[in-house]
Amino acid sequence: MKTSLQKNYHKLFGSTFGHIAFAAFAIAVVSGIALIVFYDVGHAYDSLALLVTANPAASFLRGLHYWSGQVFLIFTLLHIWDHLRLSTEHKVKRGVWLRLTLAIAALFFVMLSGFLLKADSEGLQARRILATLLDVFGKPTSFALLGKSADLQVIYIHHVATATIFLGIVIVEHVKLFWPQARTTLYTVLMVIVITFFSPVGLHDPLDPVIKGPWYFVGLQEILRFITIPAFVLGFLILLFIGIYFLPRMKTAWSRRIKQIMLALSLIYLLLTLIGIFFRGENGRFILPWENPQQSTVFQKLRGVQGYFAPMDSVKNIPVILGRREGCLYCHKAPTGMTASHDPKAIGCASCHLGNIFTLQKELAHTGMVNIPGNLSEARRTCGTASCHPGITERVQLSLMNTMSGIVSVDRFAFDEQAIPNGHFNIDSIGNSAADTHLRNLCASCHLGNKKTLADPIDQLSRGGGCNACHLQYNDGAQQELANYRKDKAAGLKIHPQLSIKVGNDHCFGCHSRSGRIALNYEGWHETQLDSLPADSARRLLQDGRVLRFVAEDVHHKKGLVCIDCHTSAEVMGDGLSYEHESAQEIIACGDCHTAKAPNSISVDELDGESSKIVHLRGMATKGRRYLITQKGHIPLINTMVTGDSAQLIGKISAKIYPLKPPAEICTRGSAHKDLSCSSCHTAWAPQCVGCHTAYDPAKKGKDHLTGLETDGRWDEWVGTFFADAPTLGVVGDSTKREIRTFIPGMIMTIDAAAFPGGSQNEIFKRLFSPASAHTISRKGRSCTSCHNSPLALGYGRGKLSYEKTGRSGVWRFTPDYAPEKHDGLPQDAWIGFLQDGKKPNSTRVDARPFNLDEQQKILRVGACLTCHKGDSPEMLRGLDDFDAVLGDVSAKCLLPR
Amino acid sequence: MNEKKYSRRKWFKLSVQMLGLPFLYVWFKAMARENIFSSKKKIYLPKEIPNGVIFLDKVLLSRQGGQVKAFSARCTHLGCIINHQQGDTLICPCHGSKFSPDGEVLSGPASRPLAGLVIRTDPLDARRFVQL
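An account of the accompanying structure is given in this report. Note that the structure is a prediction, hence the values are computed from the model and not measured.

## With respect to the overall build of chain B
The helix and strand tally for chain B stands at 1 helix and 11 strands. Shown N-terminal to C-terminal, the secondary structure of chain B runs as helices and strands in the order α-β-β-β-β-β-β-β-β-β-β-β. Taken across its 132 residues, chain B has 37% of its residues classed as buried. When the accessible area of chain B is evaluated, it comes to approximately 8600 Å², of which 57% is carbon and sulfur surface.

Shown next, in the form of C-alpha cells:
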C-alpha cells in the first residue's frame, strides 16, 4: 500500500508539505504587509531599485517575501502531487474541490503578479504577454485582472488583496486551521531566513538583453517559442484545470491514466524549465551554461551577502542613469574626460563595465565587472548591447582583423598543409600543426580578439584589444591620472580615457608596421637590419628596437591624410560577411576619389543609419549635402562633399579640406594601359626581402600568442636582405578580366620543420609573390622604362637587362645580380625565369600570377622601342591609342625583338 | 400559513445565481467605458530619420531608401516589445520571432507582420507623429 510522502516527511521532520506551504504563505503575507511601506506602485521599479541598493533591512524583508512565496509554490505543488498519487481527491467535497482547483490558478496569479510588480524589463514584458493571452477572453478580462497598461494599481490590489484573500480562505477551509502549526512555522521561517541571507533577491538590469519569465514559467516560455497560436497553449491549460476538476468523478482507470500523463508532462516541463534557465542566452540563443557570461557562479551569488552589511548612514541620493538607479556613480562621482556620447552622466558606468548597479558595497558592486570593456570576448555584453553598437560588434567578429583568415590559409599553404591558399578560418580556432604553431608563435598577437589586459594607452607595442585597439584615446590628463593612480590607488581614477571615432594612425601602427609594413611605408620609413640607431637624423628607432631609414612618404601622408580618411568602417570593422583575404574585404579604390567621370554620390537623406549617425557626430551633415560612394559596395565616404562634378575630402581628424583631383590625361589615354591599376604606376617603392628562413627550435622557449602561455620550442625567422625598390608587377584576375597590380615577395623562403614533432623532414622552399598595396603613392607615376625595361618590374629580379641589336632585329639579354637558388635554379630575388612562364605555385593568391611569356614579350617589345624613343615622344604616345598601328608604321631603322 | 424557510447559505447561493450575471454585465460595460478614457498617446518622430531602424518607445521607425514606415514595436506573437536588432533583423527578446525592417515575419513563432502605424502631421507645428 502506498504511503504519503508527506507522512514520511512528517515522521522525519515533524511536518507535511501542506503545512510547510501554509506556513510559507503566512510568512509571505506578513513580510508582504511589511513591504507595503517601501513599495511605491506609482514608481515601482525605482522604489525597488532604491530598496535593493540602499536599504539592506528592507531588502532582507523583500527577500523573505520572495523566498517564502517560492517555498509556498513548491510545497503546494508537492502537496498536490502527493494527494493525486494517493487518489485522496475522492475524499474532498465537490465544492471544496472546485475552490481548490481555482486556488491553483490563484496561486500562479499571485506569484506571477509579484513578478510583474517588480516592473523591471522582465516584469514589463511578462505583463504584455499575460495581457495578450488574456485578450483571448476579451479585452475586459485582461483589463479586469491587469488594469490599464500604463500603471500597476490593479495588479497590485489583486496581488495584496483579491488573490491573497481568496487563497487564505481556501487554505483555511482546506487545512481546517486558522494558524499554521507553530513548529512547522518555526522551521519554515528558519529555512526562508537562511535562503534569503545567502541568496539576496536582486532586480533585472534594463540593459541586460536576456529576458526570461519567472522560473516556473520558463518552461512555458520554451513551449511558446514553437507555438504560433498562443491560444492553443491557453486552451490546453484550461483543459488541464478542467481535467483536475473532474478527476474525483472519473473512473479509477481513467483517473490513473490522466495522472500518468500529467506526471509525464510535468517531467517534460521540468526539463524545458532547466533548458530555459541554464541553456538560453540573449534572444533565446542556445548557450552552454559555462559559456554564458550572464550566468553567475555560486561564489558570486554568495557574495551577495555582503550587500546586507554595507554602511549606509550617509546615503541620501543615488543618481538615475538611463532610467535606473546606478550605485556606481555614488562612489565614482562623475569622472571626467569622456566624450559626450560616452559620458558617465549620460550612460553611467555599468553600461560598459557591467558589475552590479544595485549595491553600494564595493566588492559586491565590482562582482562580474569588466575592467577593460571592448575586448571582443565581452564586446556583445559591453559595447555591443542593444542600446549601443550591436551591429558593429557582430561585424567586427567576422572581420579579417579578427579572423586573420588569409594569414592562416597562406601560412598553411606555405607549410604544404593545404593545397591552395584559400578558405574561411578563424585564428582563434587553429590547431597545433607546424603551420599553426608558427602562427601562434609569430603572428597571432595581432589578432584583434587578443585581450587587452592593461589599462594603458595604445602604442607601437600594442596588439589586439578589440574595440580599444582603435577607439581608446588617452589625452595627457588621463595618462597622468593613470600614472598617479598606479602610485596611489586610494585616490581613484577621476579622469577617464576617451573613446573616440577620431582614430589616429598610431592605433594602426603596432600591427601594420609588420608584414607588408604599410604603416611604415605610408610615413616614408623603411626597415633596416641595423640593431642600433646611428647618429643620423634620417633614421628612427621604434619601441621594439627596429631601426628605420627614410625613403619617401606617400603623397596622401604628405598632405596630412590619416588611414581612416580613406578606409571606411565597413573595410576596417568588416561588413558582416566573412572573407578569405584582405583584398576581398577592401572597398576603397583610387578611382572612388580620383575619377574622370561625374562622381557617384548619395544625399544626406539617403545615408544608412550608421553613416547618418557618424556624419551627425562629426558635424558633416548639412542639409542637401551629397557624399561620394565607392564603386565597390556603394559605401558612402562620409568625409567627402560633392558639388556638381567636383568633390572634396575633409580630413576626419584635421578637418582640412582637400579638393579631389581627377586622374591625369595620360592615365586614361587610349587602351594600352586600360588593365593597369593606378598603383602600378604611382607606387614609388615597396619593401621587399629575399633569402628568408624559418626554422623550429625545440630547445628554445616560445610564446603562444593566442593563449598567452610560454611554450617549449618555438619558431624563429631570419631575413636575408631588405630592399626598398619599385615593386614587381603581375596580374590579378582570370581570362575574362585582369588587372595589372603591384607585387612584392610574399616569401622567398626556406622552411625547416624537421625538428617540429611530426614535421616534414625535407626542407620546404617557397617562392610566392603577393599582390600588395605598398601605400607609397607618389603624385608622379613611374617612367615607361621603369616597367618596360626593368627586370625587377617584370619579375626576373635585380640585374642588367639589355637590348642587343643584331642585323635587322634585336634580342633581350638578362644578367642577374643574384646567384641561382639551389631549390629551383632561379636568381634568389626572381619571381620567374627570364622570358619563361612562371612555375606554379607562384603566388599567395589563387587568382594572382606573374606575366606569362606572351605578356612579357609584349611588354619588352614596347621596351625595345623605348631604347630609342622617349616615353613622351609622339610615337610612344600614339602607341597608347593603338600600338599595332604604330608597329605597322615602323621605319627601317627600327629593330624589333626577334 | 405554510412558510418555506431558507438557510443563510441558500439565500447567498440564490443571490449569486440571480445577481451574478447582471453584476458582471454592468461591470464589463463599465470597463468598456473606462477603456475609452485611455486615449491614445502621440509619439513625435525625430526630424531626421536615417536609413535603418530606430527604436522609439513602443514604436519602430524604419527607413529603407526614401520611405519612412512606422510600426508598433509589439511582437505580433505575444505582445513583447521588440527593442533589439541584429544586422538587418529585428528580434523579439521573449520568444525569438524575427522580423525584417519592413515588418515582415522572417521566422516564427510570430506569424503576422508587425502592425503598421499611420504617420500623421501635426497641423500646428508640422511635426510628424504616430498614435499608439
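That shown, we press on.
## Details of unusual backbone geometry
All names here are of chain A. Following Lys840, the chain continues into Pro841 via a peptide bond in cis, with omega recorded as -5°. Notably, Ser87 is not glycine yet its phi reads approximately 55°, a positive angle. Of note in the backbone geometry, Arg517 takes a positive phi value of approximately 55° without being a glycine.

## What to know about the pairing of strand β11 (residues 640–643) of chain A
Residues and elements named next belong to chain A. Here β11 shows one buried face, formed by Thr640 and Val642, and one open face, formed by Met641 and Thr643. Bridging between β11 and strand β12 (residues 646–650) involves 4 bridges; their strand directions are antiparallel. Counterpart to Val642 in the pairing with β12 is Ala647. Linking two consecutive strands that pair antiparallel, namely β11 and β12, is a turn of 2 residues; a positive phi of about 60° is found at Gly644 within it.

## Brief notes about the interface of chain A and chain B
Each partner contributes to the interface: chain A provides 30 residues, whereas chain B provides 31 residues. Carbon and sulfur atoms supply 55% of the area that chain A and chain B bury against each other, a total of about 2700 Å² over both sides. If you sort the residues of chain A by the area they bury against chain B, Arg128(A), Phe143(A) and Asn283(A) come out on top, with a joint share of 21%. At the junction of chain A and chain B, the tally comes to 0 salt bridges. Run the count over chain A and chain B and you get 9 residue pairs in polar contact (both at pLDDT 80 or more). Counting only elements with at least two residues in the side of chain A that touches chain B, the list comes to α6 (121–134), α7 (139–146), α10 (215–224), α18 (390–398) and α31 (609–617) of chain A. If one sorts the elements of the side of chain A that touches chain B by residue count, α6(A) sits on top with 5 residues. Of the residues that constitute the side of chain A that touches chain B, the class distribution is 13 nonpolar, 8 polar and 9 charged.

## Let's talk about the side chain of Lys452(A)
All names here are of chain A. Positionally, Lys452 belongs in the loop between α21 (434–442) and α22 (468–471). Despite its burial, Lys452 pairs with no opposite charge, the nearest such side chain being Asp456 at 5.8 Å. Among the polar contacts made by the side chain of Lys452, one reaches the main-chain carbonyl oxygen of Leu454 at a distance of 3.0 Å. Reaching out from Lys452, the side chain makes a polar contact with the backbone oxygen of Asp456 at a distance of 2.8 Å. Here Lys452 is in contact with Ile372, Asn375, Ile458, Gly465, Asn468 and Leu472, once residues within four sequence places are set aside.

## Quick word on the sheet that holds strand β13 (residues 657–660) of chain A
The strands that make up a sheet pair up through hydrogen bonds in the backbone, lying either parallel or antiparallel. All names here are of chain A. The 3 strands lie next to each other as β11-β12-β13, forming an open sheet whose pairing is antiparallel. Only two strands of the sheet have a single neighbouring strand rather than two, namely β11 and β13. For this sheet, the mean inter-axis angle between neighbouring strands, taken without regard to orientation, is 25°. Across 4 bridges, β12 lies against β13 in antiparallel orientation. By the bridge assignment for β13, Ile650 is matched with Ile657.

## What to know about α21(A)
All names here are of chain A. Counting buried residues along α21, 8 of its 9 residues qualify, which places the element largely inside the surrounding structure. Looking at α21, one finds that the buried residues are Ala434, Ala435, Asp436, Thr437, His438, Leu439, Arg440 and Asn441. Those residues of α21 hidden inside the fold are in contact with α20 (405–414), β15 (692–704) and β16 (709–718).

## Some words on the packing of aromatic side chains
Taken as a whole, this structure holds 28 aromatic pairs over all chains when the rule is applied. Ring centres 5.2 Å apart and planes at 40° place the aromatic pair Tyr39(A) and Tyr156(A) in the tilted group. Of this pair, Tyr39(A) sits in the loop between α2 (17–35) and α3 (44–54) while Tyr156(A) sits in helix α8 (residues 153–175), placing them 117 residues apart in sequence. Seen from their ring centres, Phe279(A) and Phe286(A) are 5.7 Å apart, and the 15° between their planes marks the pair as stacked. Overall, Phe279(A) belongs to the partly exposed group, its relative accessible area being 24%. For Phe286(A), a relative accessible area of 54% gives the class exposed. Taken together, the ring pairs connect Phe108(A), Trp215(A), Tyr216(A) and Phe217(A) into an aromatic cluster. Between the NZ or CZ atom of Lys333(A) and the centre of the ring of Tyr330(A), over which it lies, the distance is 4.6 Å. Just above the ring of Tyr44(B) sits the side chain of Arg127(B); from NZ or CZ to the centre is 3.8 Å.

## Regarding the nonpolar core
One finds Tyr39(A), Phe72(A), Leu116(A), Leu152(A), Leu167(A), Leu203(A) and Phe358(A) to be the most contacted residues of the largest nonpolar core, which totals 62 residues. Looking at this core, the elements with two or more residues in it are α2, α3, α4 (56–86), α5 (94–116), α6, α8, α11 (231–246) and α14 (328–331) of chain A. With 13 residues, α5(A) is the single largest residue contributor to this core. Beyond its immediate stretch of four places on either side in the chain, Leu167(A) contacts Phe25(A), Phe72(A), Ala103(A), Ala106(A), Leu107(A) and Val110(A). Formed by 22 residues, the second largest nonpolar core is a distinct cluster that contains Leu220(A), Leu60(B), Ile82(B) and Ala110(B).

## Quick notes on the environment of Ser671(A)
Within the fold, Ser671(A) resides in the loop between α32 (665–668) and α33 (678–682). Every residue in contact with Ser671(A), bar those within four places of it in the chain, is listed here: Leu880(A) and Asp881(A).

## Focus: the state of the cysteines
All names here are of chain B. Evaluation of the coordinates by the stated rule reveals 1 disulfide over all chains. Across the disulfide from Cys80 sits Cys94; the S-S distance is 2.1 Å. Measuring handedness by torsion sign, the sulfur bridge of Cys80 and Cys94 sits at about -95° and is left-handed. Linking Cys80 in the loop between β4 (67–72) and β5 (85–86) with Cys94 in the loop between β6 (89–91) and β7 (98–99), this pair joins segments that are 14 residues apart in sequence. Judged by relative accessible area, which is 1%, Cys80 ranks as buried.

## A closer look at the sheet that holds strand β11 (residues 128–131) of chain B
Residues and elements named next belong to chain B. The 3 strands are arranged β1-β11-β10 in an open sheet whose pairing can be described as antiparallel. The open sheet is flanked by β1 (42–44) and β10 (120–121), the only strands paired with a single partner. Bridge analysis of β1 against β11 gives 3 bridges, and the strand direction is antiparallel. Paired with Lys42 across the strands is Gln131, a residue of β11.

## Considerations on the pairing of β15(A)
Residue and element names in this part refer to chain A. For β15 and strand β19 (residues 738–752), the ladder comprises 4 bridges, and the chain directions are parallel. By the bridge assignment, Cys692 is partnered in β19 with Met749. Note that β15 and β16 share 9 bridges and pair antiparallel. Bridge pairing links Ala695 to Asp716 in β16. Where β15 hands over to β16, the hairpin turn is made up of 4 residues, of which Gly708 adopts a positive phi near 80°.

## Considerations on helix α9 (residues 182–198) of chain A
All names here are of chain A. With 17 residues, α9 ought to run about 24 Å at 1.5 Å a step, and its terminal C-alpha atoms sit 24 Å apart, in line with that. Along α9, the residues classified as buried are Thr184, Thr185, Thr188, Val192 and Thr196. Burial along α9 is one-sided: seen end-on, the buried residues are contained in an arc of 95°. Exposed side of α9, more than 90 degrees from the buried face: Ala182 and Leu186 are the residues found there.

## Focus: the packing of α2(A) against α8(A)
Residue and element names in this part refer to chain A. The contact between α2 and α8 brings their axes to 11 Å, and the two run at 150°. With respect to each other, α2 and α8 are oriented roughly antiparallel. Our pair here, α2 against α8, has a crossing hand that is left-handed. Facing His19, Phe22, Phe25 and Val29 of α2, the residues of α8 in contact are Thr164, Leu167, Gly168, Ile171 and Val175. When the residues that make up the contact of α2 with α8 are grouped by side-chain class, the tally is 6 nonpolar, 3 polar and no charged.

Each value, and the rule that gives it
- Residues numbered from 1 in each chain as written.
- Chains lettered and ligands numbered in written order.
- Predicted model: local features only at pLDDT ≥ 70, side-chain atom pairs only at ≥ 80, totals over all residues.
- Heavy atoms only, no water.
- Helix = DSSP H or I, 4+ residues; strand = E, 2+ residues; numbered from the N terminus.
- Buried < 20%, exposed > 50% of the residue type's maximum accessible area, 1.4 Å probe, protein only.
- Areas by Shrake-Rupley, 256 points an atom, 1.4 Å probe, with all protein chains shown as cover.
- Pairing = 2+ DSSP bridges.
- Contact = heavy atoms within 4.5 Å.
- Buried area = accessible area lost by both parts, 1.4 Å probe.
- Salt bridge = Lys/Arg side-chain N within 4 Å of Asp/Glu carboxyl O.
- Polar contact = N/O pair within 3.5 Å; in protein donor to acceptor, adjacent residues only side chain to side chain.
- Nonpolar A, V, L, I, M, F, W, Y, C, P; charged D, E, K, R; others polar.
- Lys, Arg positive; Asp, Glu negative; His and termini not counted.
- Axes fitted to C-alpha atoms, helices over the stretch in contact; angles between N-to-C directions.
- Phe/Tyr/Trp six-rings, centres within 6.5 Å; stacked < 30°, edge-to-face > 60°.
- Lys NZ or Arg CZ within 6 Å of the ring centre and 35° of its normal.
- Core = buried A, V, L, I, M, F, W, Y, C linked by side-chain atoms within 4.5 Å.
- Disulfide = S-S within 2.5 Å.
- Expected span 1.5 Å × (residues − 1).
- Arc of directions from axis to C-beta.
- Parallel < 35°, antiparallel > 145°, perpendicular 65-115°, else oblique.
- Left-handed = near helix turned anticlockwise from the far one by under 90°.

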